Amino acid sequence: MKPSDKFLQLQAKILACNLCQAELPLPAKPIIQISQNAKILIAGQAPGIKAHEKGAPFHDPSGKRLRDWLGITEEQFYDANLFAIVPMGFCFPGTIIRNGKKSGDKPPMPSCAPTWRKALLEELAHIELTIILGQYAIDYHLNRKQEKHKLPVTQAVMNWQEYWPAYVVMPHPSPRNNIWLKRHPEFEAEVIPRLRNRVEDILHAQ
């Protein structure tokens, strides 16, 4: 399907956005992958420093693990007609420093999702599966933002069948979550096989 003028205009505005520049550690550089033909949406947190440098999402160990979880090739992953990759924040937000050491990335810029997300998701009309990675995407996509107690990542992942098959909730594939994965072997034993089958069915129906 040829992209609409509205979609192309929105895409251009997003890629040119520098709304948060004063709060960013590096020049604003929105990192997204979108097409109106996409069937699977990956909703993560925000690009890491390697994604910022490469100009493409998940160019790091997290991406390698995520592709393994999905059972797909790198070529498939970076095909915008198959996968839309739309994080909660489009630019690298910076690194948290604790006691002089790096301690993960900062949260997504808070104005990004309210500014762009609703309009963009409305243009992705053919999404059959949304892959939700981490707390910020859970808060947005599972409509828990207004609740007093947010839905924790572990609870959302363990209750994955509640959202299936339109959504699957997953921990972030970062190596920082290796301890979580060891504590919850049922995730890779139960969820991943079902997820791979679902992804395969959607891609083969193209």
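Preceding block: the structure.
Quantities reported herein were computed from a predicted structural model and do not represent experimental measurements.

Requested: an account of the side chain of Thr130, with residues and values cited.
With respect to the element layout, Thr130 can be found in strand E5 (residues 129–133). Look past the residues within four positions of Thr130 in its chain and what remains in contact with it is Leu41, Ala43, His141, Ala166, Tyr167 and Val168.

Help me get a handle on helix H5 (residues 112–123), residues and values and all.
Compared with an ideal rise of 1.5 Å per residue, which puts 12 residues at 16 Å, H5 spans 17 Å between its outermost C-alpha atoms and is within 8% of the ideal. Inspection of H5 places Cys112, Ala113, Trp116, Arg117, Leu120 and Glu123 among the buried residues, and these make up the whole buried set. Angular distribution of buried residues about the axis of H5 spans 125 degrees; they occupy a single face of the element. Turned more than 90 degrees away from the buried face of H5, the exposed residues are Pro114 and Lys118. Looking at the packing, one finds that the buried side of H5 touches helix H1 (5–15), strand E1 (40–43) and helix H6 (135–141).

Can you break down the pairing of E5 residue by residue, with the values?
Where burial is concerned, most of E5 is hidden: 5 out of the 5 residues are buried. Residues Leu129, Ile131 and Leu133 of E5 are buried on one face, and the alternating residues Thr130 and Ile132, pointing to the opposite face, are buried as well. Where E1 and E5 come together, 4 bridges link them in parallel fashion. Looking across to E5, one finds that Leu41 is bridged to Thr130.

So what about the pairing of E1? Which residues, and what values?
Residues Ile40 and Ile42 point to one face of E1 and Leu41 and Ala43 to the other, with burial holding for every one of them. Two strands pair when backbone bridges link them, and E1 and strand E2 (residues 83–85) are joined in this way by 3 bridges, in the parallel orientation. Bridge pairing in E2 links Leu41 to Ala84.

An account of the nonpolar core is needed here, citing residue identities and associated values.
Counting residues in each nonpolar core, the largest one holds 39 residues, and the members touching the most others are Ile42, Leu70 and Met170. Here this core takes 7 residues from helix H9 (residues 185–204), the largest share from any one element. Contact partners of Ile42, with chain neighbours within four places excluded, come to Phe58, Leu66, Leu70, Phe77, Phe83, Ala84, Ile85, Val86, Ile131 and Leu133. Core analysis: the second largest hydrophobic core is formed by 15 residues, Cys17, Ala38, Val86 and Phe90 among them.

For the sheet that holds E2, give the residues involved together with the corresponding values.
Strands pair in a sheet through their backbones, by hydrogen bonds, and they do so in one of two ways: parallel or antiparallel. With parallel pairing, the 4 strands of this open sheet are ordered in space as E2-E1-E5-E6. The open sheet is flanked by E2 and strand E6 (167–170), the only strands paired with a single partner. Pairwise comparison of adjacent strand axes, ignoring direction, gives a mean angle of 15 degrees for this sheet. With 4 bridges connecting them, E5 and E6 associate as parallel partners. Within the sheet, the bridge partner assigned to Leu133 lies in E6 and is Met170.

If you had to explain the packing of aromatic side chains to someone new, which residues and values would you point to?
Overall, the coordinates contain 6 aromatic pairs when judged by the stated rule. Taken together, a centroid distance of 5.2 Å and an interplanar angle of 80 degrees make the contact between Trp69 and Phe187 edge-to-face. Pair noted here: Trp69 is in helix H3 (residues 61–70) and Phe187 is in helix H9, with a separation of 118 residues, a long-range link. In this structure Trp69 comes out as buried when scored by relative accessible area, which is 1%. Taking 4.9 Å as the distance between ring centres and 90 degrees as the angle between the ring planes, the aromatic pair formed by Phe77 and Tyr78 counts as edge-to-face. Aromatic rings pair up to connect Phe58, Phe77, Tyr78 and Phe83 into one cluster. Sitting above the plane of the Phe77 ring, Arg67 keeps its charged end 5.1 Å from the centroid.

Cut-offs used in this document
- Numbering of residues starts from 1 in every chain and runs along the sequence as written.
- Thresholds applied to this predicted model are a pLDDT of at least 70 for local features of residues and 80 or more for the giving and counting of side-chain atom pairs; totals over whole chains, interfaces and linings are not thresholded and use all residues.
- Just so you know, side-chain values use all the structure's heavy atoms and leave hydrogens and water out.
- Helix and strand definitions follow DSSP, with helices as H or I runs of at least four residues and strands as E runs of at least two, each counted in order from the N terminus.
- Any two residues whose heavy atoms approach within 4.5 Å are treated as being in contact.
- Here a helix's expected span is defined as the number of its residues, less one, multiplied by 1.5 Å.
- Per-residue accessibility, obtained with a 1.4 Å probe over protein chains only, is compared with the maximum for each type, and a residue is labelled buried under 20%, exposed over 50%, and partly exposed between these values.
- In this description, the arc belongs to the directions extending from the helix axis to the C-beta atoms.
- What makes two strands pair is DSSP finding at least two bridges between them.
- In plain words, nonpolar cores are sets of buried Ala, Val, Leu, Ile, Met, Phe, Trp, Tyr and Cys residues tied together by side-chain atoms within 4.5 Å.
- Lines fitted to C-alpha atoms define the axes, with helix axes restricted to the stretch in contact, and inter-axis angles between N-to-C directions lie between 0 and 180 degrees.
- Under the pairing criterion, centres of Phe, Tyr and Trp rings, with the six-membered ring standing for Trp, must be within 6.5 Å; the plane angle then separates stacked pairs below 30 degrees from edge-to-face pairs above 60, leaving the rest tilted.
- Note on geometry: a ring has a charge over it if NZ (lysine) or CZ (arginine) is within 6 Å of the ring centre and within 35 degrees of the ring normal.

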